Amino acid sequence: MANNKASREPVTCVDFWCNEFGMRARIALREKRVPFEFVEEDLRVRQRSDLVRRMNPVHRSIPILIHGGRPVCGSINIVEYVDEMWSQDEEGAGHATRLLPADPLERARARFWADFVDQKVYDAQTRFFTSRGEEKMAAMAELLGHLRRLEAVLGDKAFFGGDDFGFLDVALVPFSAMFYGYEQHGGVDMEVECPALVRWVRRCEERDSVREVLPSGLDMYQIHKEFYQIE
């Protein structure tokens, strides 16, 4: 159970606006209605700031959640921390909703598929945008295969955990901001290839927590063209 005094300490999220991993932290905080300060770390600048080097000296990466002056690093780790720390309803603040399932097996499954997003989806997406020719086509096919696998996990549910928006939704929905890039860069019609996933994205975007964080597909594609040096 979270310490009530600790849960009221100041919160800072260090991130870059288009960082898919960092969006998870900001969505989780907004889901819990936790006030926080956003400090932007521009990933287009090679040298990390003093703040990042101090708060994450091991990886020097973002996102970083700073709670009461203490850092929490790693996007999935941050989401779990937020879920635990602000799990108790405080004077109607709305913290009681849990992101991770109550059932231990379902929690394990949610964590497994979140890791699948990090290890498989992100890797294939990066190779798709950075490779050429047959390698690019193979990466796109692999990426669509991963997304269809996740679509099968979703099934006919409203969200990955059932009727309620939860942990795996938070982990995956930032990547949907790249769907426009898949279409523009690879000629992929996501409505045709992954229709259930596209419908799920629209349901997620009805939530204030997602709508306030998720960039437009056009903005995401434009800045990733810069990142990946796409003509």
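What this report covers is the structure whose coordinates are included nearby. Please read all numbers here as calculations on a predicted model, not as lab measurements. (Residues numbered from 1 in each chain as written. Predicted model: local features only at pLDDT ≥ 70, side-chain atom pairs only at ≥ 80, totals over all residues. Heavy atoms only, no water.)

**Focus: the pairing of strand β1 (residues 11–15)**
Successive residues of a regular strand alternate their side chains across the two faces of the sheet. In terms of residue burial, β1 counts as a mostly covered element, since 5 of its 5 residues are buried. Covered by surrounding structure in β1 are V11, C13 and D15 together with T12 and V14, the residues of both alternating faces. In terms of strand pairing, β1 meets strand β3 (residues 64–67) through 4 bridges, oriented antiparallel. Looking at the pairing, C13 lines up with L65 of β3. (Buried < 20%, exposed > 50% of the residue type's maximum accessible area, 1.4 Å probe, protein only. Helix = DSSP H or I, 4+ residues; strand = E, 2+ residues; numbered from the N terminus. Pairing = 2+ DSSP bridges.)

**Description of the packing of aromatic side chains**
Taken as a whole and judged by the stated rule, the model has 16 aromatic pairs. Both rings, one in F159 and one in F165, keep their centres 5.8 Å apart while their planes meet at 90°; by these two values the pair is edge-to-face. Given a relative accessible area of 8%, F159 falls into the buried group. Taking 5.2 Å as the distance between ring centres and 80° as the angle between the ring planes, the aromatic pair formed by F160 and W200 counts as edge-to-face. On the criterion of sequence distance, the pair formed by F160 in the loop between α6 (133–154) and α7 (167–172) and W200 in helix α10 (residues 195–205) is long-range, its members being 40 residues apart. The class of F160 is buried, set by a relative accessible area of 9%. Residue W200 is classed as buried on the basis of its relative accessible area of 1%. (Phe/Tyr/Trp six-rings, centres within 6.5 Å; stacked < 30°, edge-to-face > 60°.)

**Observations regarding the layout of surface pockets**
By volume, the largest pocket amounts to about 430 Å³. Looking at the largest pocket, it is lined by 19 residues, and the ones nearest its centre are N19, F21, L43, I62 and Y122. When residues of the lining of the largest pocket are traced back to their parent elements, those giving at least two are α2 (20–31) and α12 (217–228). Considering each element in turn, the lining of the largest pocket owes the most residues, 3 residues, to α12. In this model, the second largest pocket occupies a volume close to 320 Å³. (1 Å grid on protein atoms, 1.4 Å probe; cavity = no way out; pocket = protein on both sides within 12 Å on 5 of 7 lines; lining within 4 Å. Points joined across faces, edges and corners; volume = space filled by probe spheres on them.)

**Digging into α6**
The end-to-end C-alpha separation of α6 is 32 Å, in line with the 32 Å expected for 22 residues at 1.5 Å each. All of the buried residues along α6 are K136, A139, M140, L143, L144, H146, L147, L150, E151 and L154. End-on, the buried residues of α6 take up no more than an arc of 160°, which puts them together on one face. Across from the buried face of α6, at angles greater than 90 degrees, the exposed residues are E134, M137 and A152. Buried-residue contacts for α6 involve α5 (104–130), α7, α8 (179–186), α9 (190–193) and α10. At the C-terminal side of α6, G155 shows a positive phi close to 60°. (Expected span 1.5 Å × (residues − 1). Arc of directions from axis to C-beta. Contact = heavy atoms within 4.5 Å.)

**Concerning the side chain of K136**
Mapped onto the elements of the fold, K136 is located in helix α6. No salt bridge forms around the buried K136; measuring N to O, its nearest opposite-charge neighbour E135 is 9.1 Å away. Setting aside its immediate chain neighbours within four residues, K136 contacts F128, F129, T130, S131 and H185. (Lys, Arg positive; Asp, Glu negative; His and termini not counted. Salt bridge = Lys/Arg side-chain N within 4 Å of Asp/Glu carboxyl O.)

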